[in-house]
Amino acid sequence: MKNKLNKLESIRGFAAIYVVLHHMLPHVELLGYDLTWVFKFGQEAVILFFLLSGFVIGYSFSFNPDKSFKTYFNKRFLRIYVPLILVFGVEYVSGDLWRSMDLKSWDMIGNLLMLQDLPALKPHVIVAPFMGNSPLWSLSYEWWFYMLFFPLNKYGKNHASLIVGAVSICAALTYVIYPNFVNRELMYFCIWWLGVAAARLYVQGEPISIMQLKNELMPVFGITLILLVNALSMGDFSHWGIHPLLELRHFSFSLIVLFFALQWKKLNWYGFVVFGSLFTWIAPISYEIYISHYLVIRRSHYFISNFTSPSLIFLVEIVICLGYALLIHQIYNYLTRRLGSYFRLTR
């Protein structure tokens, strides 16, 4: 992507590391204080990824002179599937060698078709993430958001936000009656579209504000109310990590984080220089980190079984996670250079 935005890259890197820590640190204590709660918001980090992804797609597409579906699809396909298939291959081989997982061909096919979600957290899921790699649940959302973006941008550009809002609201109304894969994906699409709308304003040089985004915010706010009413009617607020409260968490957070970002922008991103320098370098491999780290954490006991120091174990796991993600990214770069000419792509 040309003209990369440093702040966006930094946040992307931060979100990737946060998800890793969310899975790596089930209990955190510092100076006698229990800080476990700090890393309990992995689901919210994924919603942040949705917003960033929408912005990236909207921003990069606006600067791409070739706006054909073939080029758009090939770029998205290579970026998503090449690293994913590499990770699947390693997971399959390692799972077979160590006999630690029940290998099911349908799980792989369903994941390759981008139909996966988390059956333990949401109802009527078609297929679980391949071999229990739970972070992969969000890829199905990302992929179908990509596929919906192109026709909306090409054929309904002037009314795209209205269409997205109406479809998402209708999906939410049916979701509280009978939740399923299709209406769940369509309901969440309006969150991703917020990022697209923000990118459009940025490219046009217009201020990004609540008023400028009101058409995109209204359906998100409306769905939040629908989910709240649904949760109240069910009367159980004891399990915030599963349906129906999980969806309410997601939509509430999307509103909160956008409001926070706009307020931080008014402060001229005070303190971001220090924050950004820590995570910008991780951004290029953030996708590889996201899809591969869970496997590394689950398999790490084969390499650190003799270690007794929690700090050393943590350090080794982090190094392996980053090293493995970097290796996948390098292989991806090599393969896409070779495949780019076949698909007639320029990177």
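Rules used throughout
- All chains use their own residue numbering, which begins from 1 and follows the written sequence.
- Given that the model is predicted, a residue must reach a pLDDT of at least 70 before its local features are reported, and side-chain atom pairs must reach 80 or more before they are shown or counted; all residues, however, enter totals for whole chains, interfaces and linings.
- The side-chain values count all of the structure's non-hydrogen atoms but skip hydrogen atoms and water molecules.
- Between rings of Phe, Tyr and Trp, where Trp is taken as its six-membered ring, a pair exists when centres lie within 6.5 Å; planes separated by under 30 degrees are stacked, by over 60 edge-to-face, and by other angles tilted.
- Think of it this way: any DSSP run of H or I at least four residues long counts as a helix, any run of E at least two long counts as a strand, and we number them from the N terminus.
- Each residue is assigned to one of three classes by its accessible area relative to the maximum for its type, calculated with a 1.4 Å probe on protein chains only: buried under 20%, partly exposed between the two thresholds, exposed over 50%.
- Criterion for a charge above a ring: Lys NZ or Arg CZ within 6 Å of the ring centre, and within 35 degrees of the ring normal.
- Here a cavity is any set of points on a 1 Å grid over the protein atoms alone where a 1.4 Å probe fits but cannot get out, and a pocket is any open set with protein on both sides within 12 Å along at least 5 of 7 lines; a residue lines the site when it has an atom within 4 Å of a point.
- Grid points are joined across faces, edges and corners, and a volume is the space filled by probe spheres set on the points.
- Under the scheme applied here, ten amino acids are nonpolar (Ala, Val, Leu, Ile, Met, Phe, Trp, Tyr, Cys and Pro), four are charged (Asp, Glu, Lys and Arg), and all others, including Gly, are polar.
- Throughout, nonpolar core names a set of buried Ala, Val, Leu, Ile, Met, Phe, Trp, Tyr and Cys residues whose side chains join them through atoms within 4.5 Å.
- Residue contacts are counted whenever heavy atoms from the two residues lie within 4.5 Å of one another.
- Interaxial angle, 0 to 180 degrees, is taken between N-to-C directions of lines fitted to C-alpha atoms, where a helix line uses only the stretch in contact.
- Working definition: roughly parallel below 35 degrees, roughly antiparallel above 145 degrees, roughly perpendicular at 65 to 115 degrees, and oblique for all remaining angles.
- Crossings are assigned a handedness: left-handed for a near helix turned anticlockwise from the far helix by less than a right angle, right-handed for a clockwise turn.
- Nitrogen and oxygen atoms within 3.5 Å of one another constitute a polar contact, given that in protein one can donate a hydrogen and the other can accept it, and given that sequence-neighbouring residues count only through two side-chain atoms.
- Take the number of residues in a helix, subtract one, and multiply by 1.5 Å to get its expected span.
- This arc is built from the directions going out from the helix axis to the C-beta atoms.

**Student:** Would you explain the packing of aromatic side chains in this entry?
**Tutor:** Geometrically, a pair of aromatic rings is defined through the distance of the ring centres and the angle of the planes. What the rule picks out here adds up to 40 aromatic pairs. Where Phe-73 meets Phe-77, the ring centres are 5.8 Å apart and the plane angle is 20 degrees; that geometry is what we call stacked. Taken as a pair, Phe-73 and Phe-77 lie in helix H3 (residues 69–98) at a separation of four residues, close to a single helical turn. Accessibility expressed as a relative area gives 26% for Phe-73, which makes it partly exposed. Residue class for Phe-77 comes out partly exposed when judged on its relative accessible area of 29%. If you follow Lys-67 out to its NZ or CZ, it ends over the ring of Phe-61, 5.4 Å from the centre. The residue whose ring lies beneath Arg-76 is Tyr-146, and the NZ or CZ to ring-centre distance is 5.7 Å.

**Student:** Where do I start with empty space enclosed by the protein in this structure?
**Tutor:** Empty space among the atoms can be located by rolling a probe the size of a water molecule over them. Using the criterion set out here, one finds one cavity of 30 Å³ or more in the structure. In this structure, the largest cavity occupies an estimated 30 Å³ of space. Lining the largest cavity are Ser-161, Val-164, Gly-165, Cys-190, Trp-193, Asn-215, Glu-216 and Pro-219. Those elements that place two or more of their residues in the lining of the largest cavity are helix H6 (160–175), helix H7 (181–203) and helix H8 (214–234). In the lining of the largest cavity, the residues fall into four nonpolar, three polar and one charged.

**Student:** Hey, could you run me through the nonpolar core in this one?
**Tutor:** In globular proteins that are soluble, nonpolar side chains generally tend to be buried together. Of all hydrophobic cores here, the largest spans 97 residues; its most connected members are Phe-50, Met-187, Tyr-188, Trp-192, Trp-193 and Phe-251. Beyond its immediate sequence surroundings of up to four residues, Phe-50 is in contact with Trp-137, Ser-138, Tyr-141, Glu-142, Phe-145, Tyr-188, Ile-191 and Trp-192.

**Student:** Any chance you could explain unusual backbone geometry here in plain terms?
**Tutor:** Backbone geometry follows two general trends: most residues other than glycine have a negative phi, and most peptide bonds adopt the trans configuration. In this structure, Pro-244 follows His-243 across a cis peptide bond, with omega equal to 5 degrees. A positive phi is found at Met-131, a non-glycine position, where the angle reads about 55 degrees. With respect to the helices and strands, Met-131 occurs in the loop between helix H4 (105–112) and helix H5 (137–155). Met-131 gets classed as buried once you look at its relative accessible area, which sits at 4%. One non-glycine residue, Asn-268, lies in positive phi territory at about 60 degrees.

**Student:** Would you take a moment to explain the packing of helix H2 (residues 42–63) against helix H9 (residues 245–266) for this structure?
**Tutor:** Helix-helix packing is described using two parameters, namely the angle between the two axes and the distance between the axes. Packing of H2 against H9 leaves a shortest axis separation of 9 Å and a crossing angle of 55 degrees. Judged on the interaxial angle alone, H9 and H2 are oblique. You can see that H2 and H9 cross each other, and the crossing is right-handed. In this structure, H2 uses Gln-43, Glu-44, Ile-47, Leu-48 and Leu-51 to contact H9, whose residues at the interface are Leu-246, Arg-249, His-250, Phe-253, Ser-254 and Val-257. In terms of residue class, the contact of H2 with H9 is built from six nonpolar, three polar and two charged.

**Student:** Quick question: what am I supposed to make of the environment of Asn-180 here?
**Tutor:** Assignment of secondary structure puts Asn-180 in the loop between H6 and H7. Separated by 54 residues in the primary sequence, Asn-180 and Ile-126 have C-alpha atoms spaced 8.5 Å apart. With residues up to four places along the chain from it excluded, the contact list for Asn-180 reads His-124 and Tyr-175. At 3.0 Å, the side chain of Asn-180 and the backbone nitrogen of Val-182 are in polar contact.

**Student:** Would you explain the layout of surface pockets in this entry?
**Tutor:** Within this model, the second largest pocket holds a volume of roughly 1,100 Å³. As for the second largest pocket, its lining consists of 36 residues, and the residues nearest its centre are Ile-11, Leu-48, Leu-52, Ala-261 and Trp-269. Of all the secondary structure elements, the ones that give two or more residues to the lining of the second largest pocket are helix H1 (6–24), H2, H7, H9 and helix H10 (272–279). At nine residues, the largest contribution of residues to the lining of the second largest pocket is made by H9. A breakdown of the residues in the lining of the second largest pocket according to their chemical character gives 27 nonpolar, five polar and four charged.

**Student:** What's the story with H6 in this structure? I'm lost.
**Tutor:** The end-to-end C-alpha separation of H6 is 22 Å, in line with the 22 Å expected for 16 residues at 1.5 Å each. Taken together, the buried positions of H6 are occupied by Ala-160, Ser-161, Val-164, Gly-165, Ser-168, Ala-171, Ala-172 and Tyr-175. All buried residues of H6 lie within an arc of 135 degrees about the axis, which places them on one face of the element. Next to the buried residues of H6 lie H5, H7, H8 and H9.

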